[in-house]
Amino acid sequence: MFAYGKWMIVGLFAVAGCASAGDPPAAPPPSADQIVNQFQKNGGVFPGRRRNHAKGVCVSGYFDSSGAAARYSVAQVFAPGERTPVIGRLSIPGTNPYAWDDGTPIRGMALDFLQADGQQWRTAMNAVPFFPVATPQLNYEFLQAQQPVVATGEPDPEKLAAFFATHPKANAFRIWDRTTKPSTSYATVRYNSLDAFYLVDARGQRQAVRWSMAPEAAAEDRAAPTNDPDFLAGDLRARLAHAPLRWRLVVTLAAPGDAIDDASVAWPADRPQVDAGTLVILASQPQRIGVCRDISFDPLVLPRGIEPSADPLLQDRAATYAESLRRRLQDQRNDAPVPASASHP
Ligand code: HEM
C-alpha cells in the first residue's frame, strides 16, 4: 500500500486516454524490482525494514471457527470448533518506520493462520474501502506520480493532479484518504482483503468472496494524539495488558456480475455475509524481535479450500512482497545496523 498523507494536492489536468488503433502497445507490467525501487525512491531506504508498511508491531493469538464457512470451504481453519494459532502484524503504510501514526488513516493487518494439517493461510488486509487502482501497471504509474522532486522533497503537484484527473477511482480514494480521521487504535478499525478469492467446498464448488476483520472494540470519538508518533503501539500494549482483543471474520459472498478481478470496485453493501469465527489477539511484540519480522504475508499462500481470483494485483503483490523480504534479509546479512526507536526497540 502507498505512503499517503498531508502532501496530496488536487488540480485538474485532464488527459484523455483509452487504447485505440495505432496506439503504442501497452507497457509490459512492471517487475517487482521496479516497483520496490519506486517505493524506495518515494520514501527512502531503511535497512532491514519492509519496503512498505515498514512501521508495525507483531501480534499473536488464535482463531476460533464458528463453523459457518465450512459449507463453502474445505479449509481446516473453517471446520466447526476448530481453533487455529495465528501470527500477525499490525502496521501503517510507507517505507519509513519512524513515520507518525497520525500521518495517514490507513492501518494494515497481516495474519498467518497455522492450520493443524500443516497448511497455512496468509492474508494482508487494509482498513480502506477499496484499492485506488485495478492493475499493477496503474499502481506503478501512481507510485511514480508520487515520487518527491528534489527541489521540494514533495511530489510534483501537477503530475499528481494529472493522474487524479485521468483516474477517477484513485481520485475517490484520495478524497477518502483526506476526509478520514486517523484512528486512535489498531483495535477499533475494520480491515478488508479488497482482492477477491474463491472458497472451494468438498464438491469443488467455488464461491467468490472478499473477507474483513470487523473489530469488537468500539471506535473512540477523539482525535489521534499529536504529541506521540507511536500512539498505536502504546494503545495496543495498554489494551492487551487489560484483555485480549477480538475481531469477527466476516466473509462477503459475491453476487453474479460483481467485480471479482478488480480491487478498486467495492461490492454493494447488501451482499450476503458469513460470520466465519473470531480472531483473538493475546499479545504484541516489538517487530525487531517478533516472530512476524521475517515473514512475508504473501496473499497467495493459501490452504486447500481457498483459491485466488484472477485479480492481477495478487500476483504483483506476491512478487513485490518476496522482493521486499529478499532485500531486508539481505540487509540483515550485510549486518546493516537497524537503528532502534520507541516503537521498534
Ligand atoms: C499491487 C499492489 C500492491 C503492492 C505493489 C504492494 C506492496 C507492498 C510491499 C512491498 C509490502 C512490504 C512486504 C514485506 O516486506 O513483507 C507490502 C506490505 C503490505 N501490504 Fe501491500 N501492496 C499492494 C497491494 C496491497 C493491497 C491490495 C493490500 C490490502 C488489501 C495491501 C496490504 C498490505 C499490508 C497489510 C502490508 C504489511 C504486511 C506485513 O505486515 O508484513 N497491499 N505491500
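Residues numbered from 1 in each chain as written. Predicted model: local features only at pLDDT ≥ 70, side-chain atom pairs only at ≥ 80, totals over all residues. Heavy atoms only, no water.

So, the state of the cysteines
Among covalent bonds in proteins, the disulfide is the one between the sulfur atoms of two cysteines. Enumeration over the complete set of coordinates arrives at one disulfide. A sulfur-sulfur separation of 1.9 Å characterises the disulfide bridge that pairs C58 with C292. Classification of the bridge connecting C58 and C292 rests on its S-S torsion, roughly -75°, and on that basis the disulfide is left-handed. With a gap of 234 residues between them, C58 in strand β1 (residues 55-65) and C292 in the loop between β9 (273-286) and β10 (306-308) connect regions that are remote in the sequence. Owing to a relative accessible area of 2%, C58 belongs among the buried residues under this scheme. (Disulfide = S-S within 2.5 Å. Helix = DSSP H or I, 4+ residues; strand = E, 2+ residues; numbered from the N terminus. Buried < 20%, exposed > 50% of the residue type's maximum accessible area, 1.4 Å probe, protein only.)

Looking at the site of the ligand
Close to the ligand lie 27 residues; R50, R89, Y321, S324 and R328 are nearest. R328 places a polar side-chain atom, nitrogen or oxygen, 2.7 Å from an oxygen atom of the ligand. Among the elements of the structure, α1 (32-43), β2 (83-92), β3 (108-114), β4 (120-126) and α6 (312-333) are those that each provide at least two residues to the shell around the ligand. Counting residues per element, the shell around the ligand draws most heavily on α6, at seven residues. Broken down by class, the residue content of the shell around the ligand amounts to 11 nonpolar, 10 polar and six charged. (Near = heavy atom within 4 Å. Polar contact = N/O pair within 3.5 Å; in protein donor to acceptor, adjacent residues only side chain to side chain. Nonpolar A, V, L, I, M, F, W, Y, C, P; charged D, E, K, R; others polar.)

Regarding the layout of surface pockets
To locate leftover empty space, one rolls a probe as large as a water molecule over the atoms. Here the second largest pocket is characterised by a volume of approximately 360 Å³. In terms of residues, the lining of the second largest pocket owes the most to one element, strand β7 (residues 206-215), which gives three residues. (1 Å grid on protein atoms, 1.4 Å probe; cavity = no way out; pocket = protein on both sides within 12 Å on 5 of 7 lines; lining within 4 Å. Points joined across faces, edges and corners; volume = space filled by probe spheres on them.)

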